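Chain and residue survey
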Amino acid sequence: MGSSEVSIIPGLQKEEKASVERRRLHVLKALKKLHIEADEAPVVAVLGSGGGLRAHIACLGVLSEMKEQGLLDAVTYLAGVSGSTWAISSLYTSDGDMEAVEADLSHQFNRQEWDLAKSLQKTIQAARSENYSLTDFWAYLVISKQTRELPESHLSNMKKPVEEGTLPYPIFAAIDNDLQPSWQEAKAQETWFEFTPHHAGFPALGAYVSITRFGSKFKKGRLVRTHPERDLSFLRGLWGSALGNAEVNRNYIFDQLRNLLTLRGLWRRTVAGVRNVGLLIFAPLLRLKQSFQRERPALEDEGGEPNNNWLTEMLENWTRTSLEKQEQPDEDPESKGSVSDFLDFVRKTSICASKWEWGTTHNFLYKHGGIQDKTMSSRKHLHLVDAGLAINTPFPLVLPPTREVDLILSFDFSAGDPFETIRATTDYCRHHKIPFPHVEEAKLDLWSKAPASCYILKGETGPVVMHFPLFNTDACGDNIEAWSDTYDTFKLADTYTLRVVMPLLALAKKNVRENKKNILREMRNAAMLYYPKVAQSCSLV
């Protein structure tokens with residue numbers, strides 16, 4: 001695919017096809033070590049669901065144990081939604097060294113490290129972009145705090161081990177939020193968007209752009225303006241932007257803005273060195289409120305919900321603060337520019353929160369002649385968000401026949417019903433006549449009341465699915481509810497101490513270790529292209 005062109009090609013992109021072919025050789029060697037004889041390597045895909053920090057930590061445990069047991073080397077595809085994407089990306093930024101990833105995790109949560117000043121600086125820098133949205137704020141000031149990481153590398157940096165076949169081919173899921181109505185009505189395949197080390201795009205359309213050009217401006221399939229490749233921190237925020245419902249997320253964002261604007265807030269570090277900083281800040285804050293009042297009708301027309309109470313409260317508090325407390329000891333006139341940048345960031349974030357604007361990026365299909373669907377080619381911008389808002393695991397990205405997947409290991413870290421992803425995927429596949437194992441609703445209801453650690457789902461055609469609920473009776477006994485409460489999806493990272501993190505990591509590892517024989521048996525069956533037509537719990541096999 002030309003780096004400055006849009007690719008409209010059905011089937012696999014040539015870079016992915018070549019990488020998967022090289023991976024087959026490594027898979028065959030791994031299967032031999034596992035005492036599985038095969039003339040051709042079956043295609044095994046591992047999926048990680050969403051679930052915020054819980055999913056991140058549990059997915060790290062799964063990857064680590066699969067690596068330890070020699071299972072990960074037999075996997076061709078690794079795909080994730082939301083929190084699992086953070087863990088999967090960590091595998092590649094560490095060149096597959098899961099021991100190093102675990103060491104970093106232990107260090108980060110033992111010392112509760114997070115560089116707020118650096119995160120704020122990254123957010124302010126992002127706010128200078130014309131396509132700034134809540135995703136930037138979320139990525140640098142929320143997700144970085146959740147994970148204790150602020151990676152500056154890029155997806156394209158993962159190419160080497162992928163192209164050499166030494167690591168599985170990774171797929172990171174998102175959805176096009178503008179197509180949510182189509183998803184709700186007909187489970188439109190075009191809703192799904194994917195990222196890999198080579199490309200970003202809509203698999204249902206076969207429409208992609210080079211990952212290094214994602215975010216750049218295109219028109220009629222040609223590059224108009226180049227923008228730098230977005231870093232991994234931003235992409236993690238995009239992939240994991242649905243940690244709570246809209247109300248929870250909105251309140252959290254406005255709370256963070258209040259905190260940043262308090263007298264002792266972090267903005268002081270950004271504008272540190274300015275004498276009488278209070279006088280410098282108050283007037284722009286007042287103008288900021290006035291600009292909101294002017295923009296209110298436009299925001300209401302766009303369906304936004306202006307909420308400036310936090311700013312009114314901030315101004316009232318500010319006027320009650322003595323000038324002595326508003327001053328700082330040193331003076332540096334050059335810092336005055338950063339005051340303006342900071343307030344511009346606050347203004348843009350507040351407007352985006354009022355409009356509830358997420359994941360804004362240039363639409364690389366804008367006015368593309370090869371796209372008949374005007375919904376896809378008439379928009380100047382896309383709004384990409386967490387795929388968990390559709391299905392909380394990336395089944396739609398590995399089920400297309402072009403990827404020829406034989407066996408899917410689905411690790412479910414969701415809150416609540418661990419079979420909701422199976423139900424949702426069944427519905428999606430029914431709409432599009434995609435082969436997927438059918439399980440009676442009554443059986444799913446029964447399983448969900450006391451889930452085991454593994455279920456094997458097999459249909460007449462299509463891949464075998466092994467489904468692994470994180471919290472299960474085999475590992476948790478009668479304490480599933482207590483485990484779920486401890487690791488709530490939107491629980492703030494401050495509550496995740498090392499004492500909380502390590503049991504979750506161990507639990508995820510145990511689920512893999514205890515089911516190794518079941519996984520090996522299904523890998524062996526996949527190598528023999530044998531698919532019995534039943535669905536059952538692993539514990540009953």
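What counts, and where the lines are drawn
- Residue positions within a chain follow its written sequence, with the count starting from 1.
- Residues qualify for local features only when their pLDDT is at least 70, as the model is predicted, and side-chain atom pairs are given and counted only at 80 or more; totals for whole chains, interfaces and linings, by contrast, use all residues.
- Remark: hydrogens and water are excluded; side-chain values derive from all non-hydrogen atoms of the structure.
- We define a salt bridge as a side-chain nitrogen of Lys or Arg found within 4 Å of a carboxyl oxygen belonging to Asp or Glu.
- Under the scheme used here, helices are H or I runs from DSSP no shorter than 4 residues and strands are E runs no shorter than 2 residues, and both carry numbers assigned from the N terminus.
- The rule is simple: take the accessible area with a 1.4 Å probe, protein chains only, and divide by the maximum for that residue type; under 20% is buried, over 50% is exposed, in between is partly exposed.
- Contacts are assigned to residue pairs that have any heavy atoms within 4.5 Å of one another.
- In protein, a polar contact requires one atom able to donate a hydrogen and another able to accept it; more generally it is a pair of N or O atoms within 3.5 Å, and residues adjacent in sequence count only if both atoms are side-chain atoms.
- Any two of the Phe, Tyr and Trp rings considered here, Trp counted by its six-membered ring, make a pair once their centres fall within 6.5 Å; the pair's planes then place it as stacked at under 30 degrees, edge-to-face at over 60, or tilted in between.
- Like-charged residues are merged into a patch within 9 Å and nonpolar side chains (Val, Leu, Ile, Met, Phe, Trp, Tyr) within 5 Å, provided each residue has over 30% relative accessible area and no salt bridge.
- Per-residue and other accessible areas were derived by the Shrake-Rupley procedure at a 1.4 Å probe size, with only the shown protein chains allowed to occlude residues.
- A residue counts as positive if it is Lys or Arg and as negative if it is Asp or Glu; His and the chain ends are not included.
- Here the site of a charge means atom NZ of a Lys, CZ of an Arg, CG of an Asp or CD of a Glu.
- Between N-to-C directions, angles cover 0 to 180 degrees, with each direction set by a line fitted to C-alpha atoms, over the stretch in contact for helices.
- Oblique is the label for any angle not under 35 degrees, not over 145, and not in the 65 to 115 range, which are roughly parallel, roughly antiparallel and roughly perpendicular in turn.
- Here the term charged refers only to Asp, Glu, Lys and Arg, the term nonpolar to Ala, Val, Leu, Ile, Met, Phe, Trp, Tyr, Cys and Pro, and the term polar to all other amino acids, Gly among them.
- For a crossing to be left-handed, the near helix must be turned anticlockwise from the far one by less than a right angle; the clockwise case is right-handed.

- By the naming in an unreviewed UniProt entry, the protein chain is Phospholipase A2 group IVC, taken from Piliocolobus tephrosceles.

A look at the pattern of salt bridges
- Evaluated as defined, the whole model comprises 25 salt bridges.
- A salt bridge links arginine 423 to glutamate 441, with the nearest nitrogen and oxygen atoms 2.5 Å apart. One end of the pair, arginine 423, is in helix 18 (residues 420-432); the other, glutamate 441, is in helix 19 (residues 441-449), with 18 residues separating them in the sequence.
- Exposure remark for arginine 423: the relative accessible area of 16% places this residue in the buried category.
- Taken together, the salt bridges that share partners define one network made up of Asp417, Arg423, Glu441 and Asp445.

Describing the environment of threonine 421
- Turning to its location among the elements, threonine 421 is positioned in helix 18.
- On the basis of relative accessibility, which here comes to 3%, the residue threonine 421 falls in the buried class.
- Beyond its immediate chain neighbours, meaning those up to four positions away, threonine 421 contacts Ile391, Asn392, Thr393, Asp412, Ser414 and His467.
- Separated by 2.8 Å, the side chains of threonine 421 and aspartate 412 make a polar contact.

Quick look at helix 9 (residues 232-239)
- Of all the eight residues making up helix 9, eight are buried; the element is thus mostly covered by neighbouring parts of the structure.
- Packing partners of the buried residues in helix 9 comprise helix 3 (83-93), helix 6 (134-147), strand 4 (169-176), strand 5 (192-195) and strand 11 (381-386).
- The N-capping residue of helix 9, defined by a side-chain oxygen 3.2 Å from the backbone nitrogen of serine 233, is aspartate 231.

Points about the packing of aromatic side chains
- Under the criterion given, the structure shown has 24 aromatic pairs.
- Consider the rings of phenylalanine 193 and phenylalanine 195, whose centres lie 5.2 Å apart with planes at 55 degrees: the pair is tilted.
- On the basis of relative accessibility, which here comes to 0%, the residue phenylalanine 193 falls in the buried class.
- Ring centres 6.0 Å apart and planes at 50 degrees place the aromatic pair tyrosine 487 and tyrosine 496 in the tilted group.
- A relative accessible area of 1% places tyrosine 496 in the buried class.

Section: a negative patch on the surface
- On the surface, a cluster of negative charge is made up of Glu68, Asp95, Asp97 and Glu99.
- Tracing the backbone through its elements, the reader meets aspartate 95 in the loop between helix 3 and helix 4 (98-110).
- Owing to a relative accessible area of 64%, aspartate 95 belongs among the exposed residues under this scheme.

Some thoughts on the packing of helix 5 (residues 116-126) against helix 6
- Where helix 5 contacts helix 6, the two axes come as close as 9 Å, and the packing angle between them is 175 degrees. When the axis of helix 5 is compared with that of helix 6, the two are roughly antiparallel. Along its contact with helix 5, which presents Ser119, Leu120, Lys122, Thr123 and Ala126, the element helix 6 presents Asp136, Phe137, Tyr140, Leu141 and Ser144.
- Among the residues forming the contact of helix 5 with helix 6, the class breakdown is five nonpolar, three polar and two charged.

Remarks on the packing of helix 2 (residues 52-68) against helix 4
- Two numbers describe how helix 2 lies on helix 4: the axes approach to 10 Å, and their chain directions differ by 150 degrees. By crossing handedness, the relation of helix 2 to helix 4 is classed as left-handed. Counted together, Leu53, His56, Leu60, Leu63, Ser64 and Lys67 of helix 2 and Met98, Val101, Glu102, Leu105 and Phe109 of helix 4 form the full contact between these two elements.
- Counted by class, the contact of helix 2 with helix 4 contains seven nonpolar, two polar and two charged residues.

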